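# Coordinates in review
Listed here are the chains, written in short residue letters.
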Amino acid sequence: VVPRLASVWYYFRELDYPHIKTLYDLGNTMAEAATMMTGTTVTRRVVGSAWPPHFNKVVAEIQQKNIERVGMPEWSDADQTLAKALQKEIGAPVDGLKSKVDSLREPRPDTEPGGSDDVGDISWVVPMVYMRYPANIPHTPGHSWVDAVAMATPIAHKGSTAGAKVQATTALDFLLSPDLVKQAWDYYNNVQTKEMKYTPLIGPEDKPAIEFNKEK
């Protein structure tokens with residue numbers, strides 16, 4: 001039985017936008033070729049898109065100074081006991097909670113793991129950065145019950161407080177120093193977007209897929 005109407009979803013993932021666009025165009029070509037082979041028609045719709053992020057070097061360096069100034073939380077024996085017990089339970093390295101701040105390092109785009117996040121699109125429109133703060137137990141797998149254990153404990157409260165202090169002091173640095181703002185935009189204009197310009201994959205004809213939120 002051949003249905004009158006059929007639909008399929010495709011996810012195109014790559015390390016940079018030009019390669020994502022190449023995969024997207026290839027998918028469209030294959031769909032058009034299939035219609036010619038079968039005497040049918042096809043329509044398409046982009047329901048989501050996420051550029052690989054590019055974070056601002058100037059903002060990152062200022063944020064790192066504040067991370068080092070605020071430092072890591074003071075973990076209690078109970079905090080460390082919980083962390084190590086959970087790590088042991090899931091077969092992860094049993095090293096507890098970190099006591100030292102990680103240093104800022106250059107990105108490794110060819111090997112850097114990461115998921116899809118539409119904050120990447122924002123990073124190509126304005127200078128911005130991510131900030132990771134120590135509100136969870138290291139080595140837990142994402143999107144799992146294990147990853148949520150720390151959320152109702154002092155670990156999350158202490159880590160989130162440290163992160164809030166870093167955000168506040170970094171914002172103050174840029175509010176009180178117009179030259180830093182100028183430097184951030186200079187990096188954005190003359191380094192980040194010098195050769196690659198942001199082009200949304202979602203077009204004006206791609207309407208928000210709000211019907212997906214309707215109750216069945």
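Everything below is about the structure printed above this text.
What comes next concerns the included structure. (Residues numbered from 1 in each chain as written. Predicted model: local features only at pLDDT ≥ 70, side-chain atom pairs only at ≥ 80, totals over all residues. Heavy atoms only, no water.)

### A look at the nonpolar core
- Listed in full, the nine residues of the largest apolar core are V58, V59, A60, I62, V129, F174, L180, A184 and Y187.
- Of all the secondary-structure elements, those providing two or more residues to this core are α2 (57–70) and α6 (178–192).
- Considering every element that reaches this core, the biggest residue donor is α2, with four residues.
- The residues contacting A60, other than those within four sequence positions of it, are L104 and V129.
- Core analysis: the next-biggest nonpolar cluster, separate from the first, contains eight residues, L86, L97, I137 and A150 among them. (Core = buried A, V, L, I, M, F, W, Y, C linked by side-chain atoms within 4.5 Å. Buried < 20%, exposed > 50% of the residue type's maximum accessible area, 1.4 Å probe, protein only. Helix = DSSP H or I, 4+ residues; strand = E, 2+ residues; numbered from the N terminus. Contact = heavy atoms within 4.5 Å.)

### As for the packing of α2 against α6
- At a closest axis distance of 7 Å, the pairing of α2 and α6 adopts a crossing angle of 135°. With respect to their mutual orientation, α2 and α6 come out oblique. Two secondary-structure elements touch here, α2 through K57, V58, V59 and I62 and α6 through L180, Q183, A184 and Y187.
- By residue class, the composition of the contact of α2 with α6 is six nonpolar, one polar and one charged. (Axes fitted to C-alpha atoms, helices over the stretch in contact; angles between N-to-C directions. Parallel < 35°, antiparallel > 145°, perpendicular 65-115°, else oblique. Nonpolar A, V, L, I, M, F, W, Y, C, P; charged D, E, K, R; others polar.)

### Remarks on the packing of aromatic side chains
- Applying the stated criterion across every chain, the model contains eight aromatic pairs.
- Measuring from ring centre to ring centre gives 4.2 Å for Y17 and W51, while their planes differ by 10°; the resulting arrangement is stacked. Remark: W51 occurs in the loop between α1 (17–38) and α2 and Y17 occurs in helix α1; sequence separation between them is 34 residues.
- With a relative accessible area of 3%, W51 lands in the buried category.
- Counting every residue linked through ring pairs, the aromatic cluster contains Y17, W51, W124 and Y198.
- Positioned above the aromatic ring of Y130 is the side chain of R132, whose terminal nitrogen or guanidinium carbon lies 5.7 Å from the ring centre. (Phe/Tyr/Trp six-rings, centres within 6.5 Å; stacked < 30°, edge-to-face > 60°. Lys NZ or Arg CZ within 6 Å of the ring centre and 35° of its normal.)

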